[in-house]
Amino acid sequence: MNVETHAPMQSPQGPDTAMRDGVQRVTVVGAGFSGTLTAIRLLHFADAPLEICLIEREEGYRYGGIAFGQASTNWAHMLNIQAGRITLRRERPEDFLEWANEEADRSGWPRKWQYHTFGVACVVPRRIFRQYLAERLRGAVADAHADVTLRELTGEVFDVRAQGGGYVVRYADAGPQGTVHELPSDQVVLATGHLSPVQAPFYHRVKDSDRFIADPYAPGAQERFQAVGPEETVLVTGSALSAFDAVISLVHAGHRGRILICSRGGHLHGTYPVDHEHDIWQTRRPPFLDAERLTPEVVVEGIRAEYAHLREEHGVEPGSALDAVFPERVMKAWEPYVIELVSRMDARDVRMLLDRYKSLIVTRRTSTVREIGGVVRSRMRGFNGAPKTVEVLSARIQDMRPVEDGARIRVVFFADQPDAVVDRVVNCLGNNTDYEHPGHPLWQGLVHGYGYARPQTRTHRGVEVGTHGQLVTADGTIAPGLFGVGPMRQGDETTRRGRLGAFVFSIGTLRNQCFDTAMEVLRRLKSASDEEQMDIPDGIHHCLIRSSDWIAADLLTEEPDATRLRERLLAHARETAFPNAVNHLRAQDRTERAKYRRILDDDLAEFGAALAREFGLTAQQARRAVSLLATLVEKHAVHTLCDITRLAGWDSGYAEQVKHAPKKGE
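Residues numbered from 1 in each chain as written. Predicted model: local features only at pLDDT ≥ 70, side-chain atom pairs only at ≥ 80, totals over all residues. Heavy atoms only, no water.

Novice: Talk me through the overall build of the protein chain; I want residue IDs and the actual numbers.
Specialist: Of regular secondary structure, the protein chain possesses 21 helices and 17 strands. In summary, the protein chain has a C-alpha radius of gyration of 26 Å against a globular reference of 26 Å for 666 residues, a match within 12%. Residue burial in the protein chain is summarised as follows: out of 666 residues, 56% are buried. Accessible surface, the protein chain: about 28300 Å² in total, of which carbon and sulfur atoms supply 50%. (Helix = DSSP H or I, 4+ residues; strand = E, 2+ residues; numbered from the N terminus. Rg over C-alpha atoms; globule rule 2.2 N^0.38 Å. Buried < 20%, exposed > 50% of the residue type's maximum accessible area, 1.4 Å probe, protein only. Areas by Shrake-Rupley, 256 points an atom, 1.4 Å probe, with all protein chains shown as cover.)

Novice: I'd love a proper account of the side chain of histidine 584, names of residues and values included.
Specialist: Looking at the secondary structure, you find histidine 584 in helix α19 (residues 561-586). The exposure class assigned to histidine 584 is buried, which follows from its relative accessible area of 8%. What histidine 584 contacts, discounting residues up to four positions off in sequence, is Phe45, Arg593, Tyr596 and Arg597. (Contact = heavy atoms within 4.5 Å.)

Novice: Any chance you could break down the packing of aromatic side chains for me, citing the residues and the numbers?
Specialist: Considering all chains together, one arrives at 20 aromatic pairs under this definition. A centroid spacing of 6.1 Å and a plane angle of 75° characterise the contact between phenylalanine 96 and phenylalanine 118, whose relative ring orientation is edge-to-face. On the criterion of sequence distance, the pair formed by phenylalanine 96 in helix α4 (residues 95-103) and phenylalanine 118 in the loop between α5 (111-114) and α6 (126-143) is long-range, its members being 22 residues apart. You'll find phenylalanine 96 and phenylalanine 118 in the same group, each marked buried. Put simply, the rings of Phe33, Phe68, Phe96, Trp99, Trp109, Trp113, Phe118, Phe129 and Tyr132 touch in pairs and so form one group of aromatic residues. The ring of phenylalanine 45 carries the charged tip of arginine 593 above its face, separated from the ring centre by 5.5 Å. Note that lysine 595 overlies the ring of tyrosine 596, its terminal NZ or CZ placed 4.7 Å from the centroid. (Phe/Tyr/Trp six-rings, centres within 6.5 Å; stacked < 30°, edge-to-face > 60°. Lys NZ or Arg CZ within 6 Å of the ring centre and 35° of its normal.)

Novice: So what's going on with the pairing of strand β2 (residues 24-29)? Residues and values would help.
Specialist: Most of β2 is tucked away, with five of its six residues classed as buried. Bridging between β2 and strand β3 (residues 50-56) involves six bridges; their strand directions are parallel. Pairing of valine 29 across the sheet is with isoleucine 55, part of β3. Chirality of the crossover, the property in question, places the unit of β2, helix α2 (residues 33-45) and β3 among those that are right-handed. Here β2 runs beside strand β7 (residues 187-190); their pairing, made up of four bridges, is parallel. When the sheet's bridge partners are listed, valine 29 is paired in β7 with leucine 190. (Pairing = 2+ DSSP bridges. Right-handed = clockwise from strand over helix to strand, strands pointing away.)

Novice: Any details on helix α9 (residues 296-313)? Residues and values, ideally.
Specialist: Compared with the 26 Å implied by 1.5 Å per residue over 18 residues, the 25 Å span of α9 between its first and last C-alpha is a close match. By the burial criterion, the buried members of α9 are Pro296, Val299, Val300, Gly302, Glu306 and Leu310. Buried residues of α9, viewed axially, fall in a sector of 165°; they line one side. Turned more than 90 degrees away from the buried face of α9, the exposed residues are Glu297, Glu301, Arg304 and Glu312. On its buried side, α9 packs onto α10 (321-333), α11 (335-344) and α12 (347-356). One or two steps after α9, the chain reaches glycine 315, where phi turns positive at roughly 65°. (Expected span 1.5 Å × (residues − 1). Arc of directions from axis to C-beta.)

Novice: So what's going on with the environment of arginine 623? Which residues, and what values?
Specialist: Positionally, arginine 623 belongs in helix α21 (residues 619-641). Expressed as a C-alpha distance, the spacing of arginine 623 and phenylalanine 607, which sit 16 residues apart in the sequence, is 9.9 Å.

Novice: Can you tell me about the sheet that holds strand β15 (residues 424-427), naming the residues and giving the values?
Specialist: Within the open sheet, the five strands sit side by side as β8-β15-β9-β10-β11. Their pairing is parallel. Each end of this open sheet is capped by a strand with a single partner; those strands are β8 (212-213) and β11 (390-394). Of the strand pairs in this sheet, strand β9 (residues 234-237) and β15 are connected by four bridges, and their pairing is parallel. Within β15, the residue paired with leucine 235 across the bridge is valine 425. Lying over the sheet, helix α8 (residues 241-252) contacts β9, β10 (259-263) and β15, oriented at roughly 170° with respect to β10. (Axes fitted to C-alpha atoms, helices over the stretch in contact; angles between N-to-C directions.)

Novice: Describe the environment of valine 638, and please don't skip the residues or the numbers.
Specialist: Mapped onto the elements, valine 638 comes out in helix α21. Separated by 56 residues in sequence, valine 638 and valine 582 have C-alpha atoms that sit 7.9 Å apart.

Novice: Describe in detail the pairing of β15, supporting the description with residues and values.
Specialist: Residues of β15 alternate between two faces, with Arg424 and Val426 on one and Val425 and Asn427 on the opposite face, all of them buried. Pairing analysis gives two bridges linking β8 to β15, with the strands arranged parallel. Within the sheet, the bridge partner assigned to isoleucine 213 lies in β15 and is valine 426.

Novice: Account for the side chain of histidine 541, with residues named and values stated.
Specialist: Structurally, histidine 541 is set in the loop between α17 (507-526) and α18 (544-555). Looking at histidine 541, the relative accessible area reads 2%, which means it is buried. With residues up to four places along the chain from it excluded, the contact list for histidine 541 reads Thr467, His468, Ser547, Leu632, Lys635, His636 and His639.

Novice: I'd like a rundown of unusual backbone geometry, residues and numbers included.
Specialist: The backbone of glutamate 404 sits at a positive phi, close to 55°, despite the residue not being glycine. Mapped onto the elements of the fold, glutamate 404 is located in the loop between β12 (397-403) and β13 (408-413). For histidine 460, which is not glycine, the phi dihedral falls at a positive 60°. In this fold, histidine 460 is placed in the loop between α15 (441-449) and β16 (470-472).

Novice: How would you sum up the pattern of salt bridges? Please name residues and give values.
Specialist: Throughout the structure, instances matching the rule amount to 49 salt bridges. Its salt-bridge partner being aspartate 346, residue arginine 348 comes within 3.3 Å of it at the nearest N-O pair. (Salt bridge = Lys/Arg side-chain N within 4 Å of Asp/Glu carboxyl O.)

Novice: Can you lay out the packing of α2 against α6 for me, pointing to particular residues and giving the numbers?
Specialist: Contact geometry of α2 with α6 gives a least axis separation of 9 Å together with a crossing angle of 25°. Taken as axis vectors, α2 and α6 run roughly parallel relative to one another. The hand of the α2/α6 crossing is left-handed. Residues Phe33, Thr36, Ala39, Ile40, Leu43 and His44 of α2 lie in contact with α6, whose contacting residues are Phe129, Leu133, Arg136, Leu137, Ala140 and Val141. Classifying every residue of the contact of α2 with α6 gives nine nonpolar, two polar and one charged. (Parallel < 35°, antiparallel > 145°, perpendicular 65-115°, else oblique. Left-handed = near helix turned anticlockwise from the far one by under 90°. Nonpolar A, V, L, I, M, F, W, Y, C, P; charged D, E, K, R; others polar.)

Novice: So what's going on with the nonpolar core? Residues and values would help.
Specialist: Side chains of a nonpolar character, in soluble globular proteins, are inclined to be buried together. Core analysis: the largest hydrophobic core is formed by 114 residues, its most contacted members being Phe96 and Phe129. Looking at which element gives the most residues to this core, the answer is α19, with ten residues. Apart from residues no more than four positions distant in its own chain, phenylalanine 96 is found in contact with Ala83, Ile86, Thr87, Val124, Ile128, Phe129 and Tyr132. (Core = buried A, V, L, I, M, F, W, Y, C linked by side-chain atoms within 4.5 Å.)

Novice: For α17, give the residues involved together with the corresponding values.
Specialist: Along an α-helix, residues three or four apart share an orientation, since each turn contains 3.6 residues. Counted at 1.5 Å a residue, the expected span for α17 with its 20 residues is 28 Å, and the 29 Å between its end C-alpha atoms agrees. Counting buried positions along α17 gives 19 out of 20 residues, so the element sits mostly inside the fold.

Structure below.
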């Protein structure tokens, strides 16, 4: 296995063209969490000559992106999820714990963490998670098929256009001249992360001031937090998790002055109880969904009424441990109803509600672990000898302007809220989600220049994608060979899975996307000349019965043979093919994967021969039946392994640490 690290190509012609002879190429644009994990999955399962190119524009984001990257975090930033739930491999829930406790190089860790033993319920510094990603990528490289190579490149991708049945990726390298290179690719996976941070109109007078931190996750932002005076007053705009991160960055830098967290509604994330365990409820279908027409007024009033009903039904007392997690559990239980709600409402009303109640949705959808929330909450309360330093303002900002020769900033509010004069302002309003006006030239070209992508219609958040992350073009067709993983799929996560708030791009959501998309990319590379594979309808792989029915109907139309064929296909899928496919996907290394791949292929070949004899199929029909069954069973196995209801079925040394396996969900 070869790896070329951070080495841009010298020319779009010559050596690169020669290297393409007989070797397919997948280019992954972005090497943050989603891009790195997609590359890992491609390395795991590619079994034919393939070059994987992984391009990242900012070295400080490599392997971690803005959530876990070296450039955007410090050692005080924690993951807002327990260690037992952050594995990169859904099929191996214990993988992170095994790595952290038995394999990780701790020489660069602070002493606090060098001797720490991680358990299921532990918190984890984000920088450790970045290291986990990087080392698992190196392990995947070492274990990959001999003809599968990884090239890690540094540069800014600014254009992807179709050419010759594939795509050409154009990027400018990180050299002083910014030399432009072209990278012909058979398939492209866009893992570009978030768009730029929101820049509200009231920032226009201060946007160039060194007193304004426009992006708390930008390279160099941690140094800017260090430059804040210890007694300075800081205004943080927005109250979601990024505001908590900003407070942690300030505290880590030694700040002890006043911090004002300002948002329109004044909503703030709760804090999980010490003994918190994730649990998912099943709730009745909210009665307001029976309304003939779902207007915003009907929806808002209906949600309030149902919320009150559920509080009473579950006996939720204000200030209780259950009260702290009640909103999150209800919103998770309502995900199927969110799908129905979004599909039935006018798209403009959907977008209006998501915009108007954004802060409420985000802060109610998830609470914070105590190591995050406690930093904010304790400073909101104050203690004897330790004054209250954090305050939450429920106010709308009208304007900001430099005062005192630019040394401070005056913040002007609407209504009767008096002005505030602060030393610094930190923008924590979140990132843009509107791909109609994406700003970046790459997405500008994809959406408006070529029509390879279109903004997500119902939510106007992200772009439209197919079942496996294929980009949907301006005319509503699938862009062949062009995929997306990550935050650009947030609108799809809402409409397809009912996910809201931070859970549209949580670790669990993204690792499912990366696994599923990587497997689809490899399937399409393998069957590029097999048109019948392209005829499989989207979504039928979720159910083996539907898959068997579709294959049988494709081959035979006359009863009773068609019924017997369906029964034979279903029985073989359930009893043999599916278990073999799961074993292949769960295998720990390439040798084990190859063994289970042979078992799966040999079994299907025998089954095809048996079908031909039993039903009088031609060799071509039998081959088609087996080929389609193999594809659908593999897709079903991936879908099943990504099913969050199965995460707690551990068979490892950590299993006894799980007190109550969640019934459903994260």
